[in-house]
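# Examining the three-dimensional arrangement
For reference, the chains in residue letters:
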Amino acid sequence: MKLTIKGQVTIPKRLRKRYGLNPQEEVIIEEAPGGVLIRPAGPTRSEKIHKAITQVRGIADAGLTTDQILKKTREE
């Protein structure tokens, strides 16, 4: 991998996906032992999804217990 004249480098797709580095999102570049570290500036995509799921968990409560729901789904 080569650094361009402008100091740009292409991060391989597998690493962008693994670490949640998405187009147009901010990253932090900092010194690290032996080189540099590039990381997302904000929460990763999976962290955003987890937060969204956590926020809506339990909203669709029908006021029934799990056993009551299972009984209703199994009734003919």
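Reading guide: rules and limits
- Residues numbered from 1 in each chain as written.
- Predicted model: local features only at pLDDT ≥ 70, side-chain atom pairs only at ≥ 80, totals over all residues.
- Heavy atoms only, no water.
- Helix = DSSP H or I, 4+ residues; strand = E, 2+ residues; numbered from the N terminus.
- Buried < 20%, exposed > 50% of the residue type's maximum accessible area, 1.4 Å probe, protein only.
- Patch = residues over 30% accessible without salt bridge, like charges linked within 9 Å, V, L, I, M, F, W, Y side chains within 5 Å.
- Areas by Shrake-Rupley, 256 points an atom, 1.4 Å probe, with all protein chains shown as cover.
- Salt bridge = Lys/Arg side-chain N within 4 Å of Asp/Glu carboxyl O.
- Lys, Arg positive; Asp, Glu negative; His and termini not counted.
- Charge placed at Lys NZ, Arg CZ, Asp CG, Glu CD.
- pLDDT = per-residue confidence, 0-100.
- 1 Å grid on protein atoms, 1.4 Å probe; cavity = no way out; pocket = protein on both sides within 12 Å on 5 of 7 lines; lining within 4 Å.
- Points joined across faces, edges and corners; volume = space filled by probe spheres on them.
- Nonpolar A, V, L, I, M, F, W, Y, C, P; charged D, E, K, R; others polar.

### Quick look at unusual backbone geometry
The bulk of non-glycine residues show a negative phi, and the bulk of peptide bonds are trans. Non-glycine residue glutamine 24 carries a positive phi angle of around 70°. Residue placement: glutamine 24 occurs in the loop between helix H1 (13-19) and strand S1 (27-32). Under the relative-accessibility criterion, glutamine 24 is labelled exposed at 80%.

### Brief notes about a positive patch on the surface
A surface patch of positive charge is lined by Lys13, Arg16, Lys17 and Arg45. Examining the composition of the positive patch, we find that 3 residues originate from one element, H1, more than from any other. Position of lysine 13 relative to the elements: it lies in helix H1. On the accessibility criterion, lysine 13 (62% relative accessible area) is exposed.

### Comments concerning the environment of lysine 71
Along the chain, lysine 71 falls in helix H3 (residues 66-74). For the pair formed by lysine 71 and glutamate 25, sequence separation is 46 residues and the distance between their alpha carbons is 47 Å.

### Let's talk about the confidence of the model for the chain
Averaged over the chain, the pLDDT score is 87; the fraction of residues at 70 or greater is 99%. S1 holds the highest mean pLDDT among the elements of the chain, 93, whereas helix H2 (residues 45-56) holds the lowest, 85.

### Brief notes about the layout of surface pockets
Regions of empty space are outlined by a rolling probe, equal in size to a water molecule, passed over the atoms. Each pocket or cavity is described by its volume, and for the largest pocket that value is around 330 Å³. Looking at the largest pocket, it is lined by 14 residues, and the ones nearest its centre are Val9, Ile11, Val27, Ile29 and Ile38. Split into classes, the residues belonging to the lining of the largest pocket amount to 8 nonpolar, 4 polar and 2 charged. Of the pockets and cavities examined, the second largest pocket occupies roughly 220 Å³. Around the second largest pocket, the lining comprises 13 residues; the ones closest to its centre are Ile11, Pro12, Leu15, Leu21 and Ile38. If you tally residues by element for the lining of the second largest pocket, the top one is strand S2 (residues 35-40), at 5 residues. Classifying every residue of the lining of the second largest pocket by side-chain character gives 11 nonpolar, 1 polar and 1 charged.

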